[in-house]
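The lines below spell out each chain.
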Amino acid sequence: MNAQALMVILTISAVTMSLRLAPFVAIETLRNSVYLRYLGRVMPVGVMALLVAYSLLEVDFTSAPWGLPELVIMTLAGLLYWRTRNSLLSIGSGLVVYVALASFVW
């Protein structure tokens, strides 16, 4: 093995190990950050609002079915989440019901 190949292997190994170690170092230094606590509190609401707005972006409320499937599913998912506080259940159930409505009803 020549010296150039050895240097390439050592460099790749050092970069790989540094990239694997970086998240643990970053988390440890930011663990008590007030800003991260604030983001953890307000970001989920903002992300969900953006997802709802984006999902309604191209819905035509002026012609049949007047956005009814989307409104039914959003109501179902919202009520399920409000009742169970389980986001996976509410999103999964909303997806299954939406596919069923889109395939068989509308």
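A brief look at the structure comes next. (Residues numbered from 1 in each chain as written. Predicted model: local features only at pLDDT ≥ 70, side-chain atom pairs only at ≥ 80, totals over all residues. Heavy atoms only, no water.)

Some thoughts on the overall build of the protein chain
Phase 1: Of regular secondary structure, the protein chain possesses four helices and zero strands.
Phase 2: Counting helices and strands in the order they occur from the N terminus, the protein chain gives α-α-α-α.
Phase 3: Taking 13 Å as the expected radius of gyration for a compact globule of 106 residues, we find that the protein chain reaches 24 Å, considerably beyond that expectation.
Phase 4: Within the protein chain, counting contacts between residues at least 6 apart in sequence, those at least 24 apart form 29% of the total.
Phase 5: For the protein chain, the exposed area adds up to about 9000 Å²; of that, 73% sits on carbon and sulfur atoms.
Phase 6: Of the charged side chains in the protein chain, 6 are positive and 4 negative; the average position of the first set lies 22 Å away from that of the second. (Helix = DSSP H or I, 4+ residues; strand = E, 2+ residues; numbered from the N terminus. Rg over C-alpha atoms; globule rule 2.2 N^0.38 Å. Contact = heavy atoms within 4.5 Å. Areas by Shrake-Rupley, 256 points an atom, 1.4 Å probe, with all protein chains shown as cover. Lys, Arg positive; Asp, Glu negative; His and termini not counted. Charge placed at Lys NZ, Arg CZ, Asp CG, Glu CD.)

Brief notes about helix 4 (residues 87-105)
Phase 1: The end-to-end C-alpha separation of helix 4 is 26 Å, in line with the 27 Å expected for 19 residues at 1.5 Å each.
Phase 2: Along helix 4, the residues classified as buried are Ser-90, Gly-94 and Leu-101. In a view along the axis of helix 4, the buried residues occupy a sector of 35°, so they form one face of it. Opposite the buried face of helix 4, by more than 90 degrees, sit the exposed residues Leu-88, Leu-95, Val-96 and Phe-104.
Phase 3: Tucked into the core, helix 4 has its buried residues touching helix 3 (68-84).
Phase 4: With a side-chain oxygen positioned 3.2 Å from the backbone nitrogen of Leu-88, the residue opening helix 4 is Asn-86. (Expected span 1.5 Å × (residues − 1). Buried < 20%, exposed > 50% of the residue type's maximum accessible area, 1.4 Å probe, protein only. Arc of directions from axis to C-beta. Polar contact = N/O pair within 3.5 Å; in protein donor to acceptor, adjacent residues only side chain to side chain.)

Considering a nonpolar patch on the surface
Phase 1: A contiguous nonpolar surface patch, about 550 Å² in accessible area, is contributed by Met-1, Leu-6, Met-7, Ile-9 and Leu-10.
Phase 2: When you line up the elements, Ile-9 lands in helix 1 (residues 3-30). (Patch = residues over 30% accessible without salt bridge, like charges linked within 9 Å, V, L, I, M, F, W, Y side chains within 5 Å. Salt bridge = Lys/Arg side-chain N within 4 Å of Asp/Glu carboxyl O.)

A short note on helix 2 (residues 34-55)
Because an α-helix packs 3.6 residues into every turn, residues spaced three or four apart end up facing the same way.
Phase 1: End to end, helix 2 covers 32 Å across 22 residues, agreeing with the expected 32 Å (1.5 Å per residue, within 8%).
Phase 2: The largest bend in helix 2 amounts to roughly 40° and is located at Val-42, with the proline Pro-44 lying one to four residues further along. (Bend = angle between axes of the 7 residues up to and from the residue.)

Section: the side chain of Ser-33
Phase 1: Relative to the helices and strands, Ser-33 resides in the loop between helix 1 and helix 2.
Phase 2: On the basis of relative accessibility, which here comes to 19%, the residue Ser-33 falls in the buried class.
Phase 3: Separated by 3.4 Å, the side chain of Ser-33 and the backbone nitrogen of Leu-36 make a polar contact.

With respect to the environment of Gly-78
Phase 1: With respect to the helices and strands, Gly-78 occurs in helix 3.
Phase 2: Of the residues examined, Gly-78 reaches a relative accessible area of 39% and is grouped as partly exposed.
Phase 3: Separated by 13 residues in sequence, Gly-78 and Ile-91 place their C-alpha atoms 9.0 Å apart.

Quick look at the environment of Gly-67
Phase 1: In this structure, Gly-67 sits in the loop between helix 2 and helix 3.
Phase 2: With 46 residues separating them in the primary sequence, Gly-67 and Leu-21 have C-alpha atoms 48 Å apart.
Phase 3: If we skip the residues at most four places from it in the chain, Gly-67 touches Val-59, Asp-60 and Phe-61.

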